[in-house]
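As a plain string of letters, each chain reads:
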Amino acid sequence: MNSRKPVRFTLGLLFVAFAASNAWAVELHVSTAGKNESGTGSVESPWATIGRALEAAQPGDAIVLHNGVYCESVRILSPNITIMSAAGEWAVIKAPIGTGDAPGLCIKFDVDASHGALKRLELIGGYYAVKIESRWDWGGVDQSGATDILIEDCVIHDSGRDCIKITPNCDRVTIRRCEIFNSGRLYPPGTPFEQKNAEGIDCTNADETLVQDCYVHDTATTGVYFKGGATDCVVERSRIVRCGHGGVLLGFDTSPEFFDLTANPRYYECIRGVVRNCIIQDTDYEGIGVFAANGATAVNNTVINTARVGHNPIYFGLTLQDYDPAAGRPPSVDVEVRNNLVFQPNANSAAFVFIRYLFEPELGGLLAVDGMPTMSHNLYFGSAGAPRFTDSRPGSILDNGSFSAWKTHINGEFGTMVADPMLDKDARLTRESPANDAGIVLMSVDADIDAEERPAGGSPDIGADEFSAKPPAFRTYGDGMTDGSPDPACGVVNLPKDGDQSPDADSDPLPDGPDEVEVPKVDDSDSFDDTDDGTPVVNERSRIAERCSPFAAPMWIGMGLLSIRRSCRRSSRNARRLSR
């Protein structure tokens, strides 16, 4: 029988003590062979469900799961709760994918669940596999959310939409040593790209998010993005591959109501965002994208075979922010791009670097960048031809220019070369690579993708990998995996409705949230080609007209006036984008 000692520390001190010692006030055990009625939560007499353990858990406790599949939608209401697999065992938590009308989640950290942790778990399904919730859009003065969340050594996959959703003011989330894949399972096969919105990690207006040593792959849209004013967020030492949109985006396109205008009055999408020491490969659109960013840094990344469908390996894009007259839509400023290796192994006419300009009748001319980005010590190589570069801004136009013309154009790229990088099959440098010792020393980069010290030679190497004669340490993600197929034993489980603490506890604090009804929506992104054959536009406009009609009574009743107004405003905007 578990006994509990009096707690004499503040909650913050408790978190520090537990994090440092890896000890918990009480361990509550759960097993698929346990019993909720007669169990005690001890290792000898475990409970059968995570929900039962959460009822008993108090701040500082750990819920320890033994081998098996747990078919539950888990909602964590209390702070400082850890859920983890037992030592030497592997627990799987499965939830149905759900829909916009029944948005069951696999794991939800509710608004007061700060300092929580997930360790060594496999999380499958849910509308979102993990959602970290805030009070941002509840309508009150308090807009706080769950903060200081740790997700480590987990395998997270096959979610309906985003695998991990981080909502506004949910600051200091750390995601490390995780494998994240197969987002967007809600969309039927053949769903057009522009109707998908399902990232690996979606962080909107949450600060100090750290994504570290992760493997993000096979996402319906972007692998990782920080937007909506997200500040001081970092993705590092991660491999991000096979993304249906971009690899890593520092900024993107967010509705104005999700910005903190006290901290960010100009509506920057991303402030001091960093991507470093990452391998980004096989994306349909940009490898690294910068959108309305202040102080973005992209250093020591290896970008391979990106922009297969549209955009460019390094892409400076625009944000439209719902065409709202009050929104800022600022150009990016103070961007640093150094020590990156960009390799396009297949025939691709897209420029290696592209700076966008757009004239919209409603908004006027929009610049992707103010001035020139700071770029140096990069390496570009295309197997099918010499790299090209484009700046489409009026008064600063370079149309598909050569590397020499690009250097002159931006008065930069000192130390940059065009050469075959001579990579091995794992996208690491070989001994003969010209990227070895060809980079510049950067204070922000002291290790490579394998956490090996930089520089190993006289100067750091270009790209994510610092060449070493010894093979890198083998990294695993979690302890085991299931195949992700539906488990008939799990049945249909949705998030409990009783006890909700908000008017809409599962509202999606993103510009696309209210559109989550029955049919996949057009993605809230400036992320597809500006030309189209016209057919999808006609179909999309017809769908918008049907959905936005005031006579569509069932939907208006189900969604509410505010939600449908947002939905129709954004859908009309996206139809205009498709028609450009």
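The paragraphs below set out a description of the structure included in this document. (Residues numbered from 1 in each chain as written. Predicted model: local features only at pLDDT ≥ 70, side-chain atom pairs only at ≥ 80, totals over all residues. Heavy atoms only, no water.)

1. So, the overall build of the chain
A count of helical and extended segments in the chain gives six helices and 41 strands. Out of the 580 residues belonging to the chain, those deemed buried represent 60%. (Helix = DSSP H or I, 4+ residues; strand = E, 2+ residues; numbered from the N terminus. Buried < 20%, exposed > 50% of the residue type's maximum accessible area, 1.4 Å probe, protein only.)

2. Topic: the sheet that holds strand β34 (residues 353–355)
Here we have 12 strands laid out as an open sheet, ordered β4-β7-β10-β13-β16-β19-β23-β27-β31-β34-β39-β40, and mixed in their pairing. The open sheet is flanked by β4 (74–76) and β40 (398–401), the only strands paired with a single partner. Strand-to-strand twist across the sheet, computed as the mean angle between neighbouring axes with direction ignored, equals 10 degrees. Bridge analysis of β34 against strand β39 (residues 389–391) gives three bridges, and the strand direction is parallel. Across the sheet, residue Ile355 finds its bridge partner in β39, namely Asp391. Sheet strands touched by helix α3 (residues 403–410): β34, β39 and β40. Its angle to β40, the strand with the most contacts, is close to 145 degrees. (Pairing = 2+ DSSP bridges. Axes fitted to C-alpha atoms, helices over the stretch in contact; angles between N-to-C directions. Contact = heavy atoms within 4.5 Å.)

3. A few points about unusual backbone geometry
For the peptide bond that leads from Arg454 to Pro455, omega is -15 degrees, which places it in the cis range. Within the fold, Pro455 resides in the loop between β41 (417–418) and α4 (535–548). The phi dihedral of His115 falls on the positive side, at around 65 degrees, and the residue is not glycine. Relative to the helices and strands, His115 resides in the loop between β7 (107–109) and β8 (117–119). Even without glycine at this site, Asp322 takes up a positive phi of about 65 degrees. Relative to the helices and strands, Asp322 resides in the loop between β31 (314–317) and β32 (336–338). Judged by its relative accessible area of 5%, Asp322 is buried.

4. Concerning the pairing of strand β19 (residues 224–227)
The alternating pattern of β19 places Val224 and Phe226 and Tyr225 and Lys227 on opposite faces, both of which are buried. The pairing of β19 with strand β23 (residues 248–250) spans three bridges and is parallel. Looking at β23, one finds that Val224 is bridged to Val248.

5. Some remarks on the pairing of strand β38 (residues 379–382)
Pairing analysis gives four bridges linking strand β33 (residues 341–344) to β38, with the strands arranged parallel. Counted as the bridge partner of Leu341 is Leu379 from β38. Taken together, the two bridges between β38 and β41 define a ladder with parallel strand orientation. Bridged to Tyr380 within β41 is Val418.

6. Thoughts on the sheet that holds β41
Reading across from one edge, β3-β6-β9-β12-β15-β18-β22-β26-β30-β33-β38-β41 is the order of the 12 strands in this open sheet, with parallel pairing throughout. What marks the edges here is a single partner per strand, and that holds for β3 (68–71) and β41. Where strand β15 (residues 179–181) lies against strand β18 (residues 215–219), three bridges are found, and the strand directions are parallel. Its bridge partner lying in β18, Ile180 is registered against Val216.

7. Overview of the packing of aromatic side chains
According to the stated counting rule, one finds 14 aromatic pairs in the structure shown. Plain terms: the ring middles of Tyr315 and Phe354 are 5.9 Å apart, the flat faces sit at 20 degrees to each other, and that makes the pair stacked. With Tyr315 in strand β31 and Phe354 in strand β34, this residue pair connects regions lying 39 residues apart in the sequence. Each member of the pair, Tyr315 as well as Phe354, carries the same accessibility label: buried. Of the aromatic side chains, those joined through ring pairs into one cluster are Tyr225, Phe252, Phe291, Tyr315 and Phe354. (Phe/Tyr/Trp six-rings, centres within 6.5 Å; stacked < 30°, edge-to-face > 60°.)

8. Describing α3
Looking only at α3, the buried set comprises Phe403, Trp406 and Ile410. Along α3, the residues classed as buried sweep out an arc of 55 degrees about the axis, all on the same side. Along α3, exposed side chains directed more than 90 degrees from the buried face belong to Ser404 and Thr408. Considering only its buried residues, α3 is in contact with β34, β37 (374–376), β38, β39, β40 and β41. Trailing α3 by a residue or two, Asn411 shows a phi angle of about 50 degrees, which is positive. (Arc of directions from axis to C-beta.)

9. Quick notes on the environment of Cys71
If you trace the backbone, Cys71 turns up in strand β3. Residues Cys71 and Ile93 lie 22 residues apart in sequence; the distance between their C-alpha atoms is 6.0 Å.

10. Focus: the side chain of Asp391
Relative to the assigned elements, Asp391 resides in strand β39. A polar contact is formed between the side chain of Asp391 and the side chain of Arg393, at a distance of 2.7 Å. At 2.9 Å, the side chain of Asp391 and the side chain of Ser396 are in polar contact. Once you skip the residues sitting within four places of it in the chain, Asp391 turns out to touch Ile355, Met372, Ser396, Ile397, Leu398 and His409. (Polar contact = N/O pair within 3.5 Å; in protein donor to acceptor, adjacent residues only side chain to side chain.)

11. Considerations on the side chain of Asn300
Here Asn300 lies in the loop between β29 (297–299) and β30 (302–304). Take Asn300: its relative accessible area is 1%, and that puts it in the buried class. Here Gly463 takes part through its backbone oxygen, which lies 3.1 Å from a polar atom of the side chain of Asn300.

12. What to know about the environment of Ile280
Relative to the helices and strands, Ile280 resides in strand β26 (residues 279–283). Residue class for Ile280 comes out buried when judged on its relative accessible area of 0%. A C-alpha to C-alpha distance of 9.2 Å links Ile280 and Gly246, two positions 34 residues apart in sequence. If we ignore the near neighbours within four places in the chain, the residues touching Ile280 are Ile240, Gly247, Val248, Val275, Gly287, Ile288, Thr302, Val303, Ile304 and Thr306.

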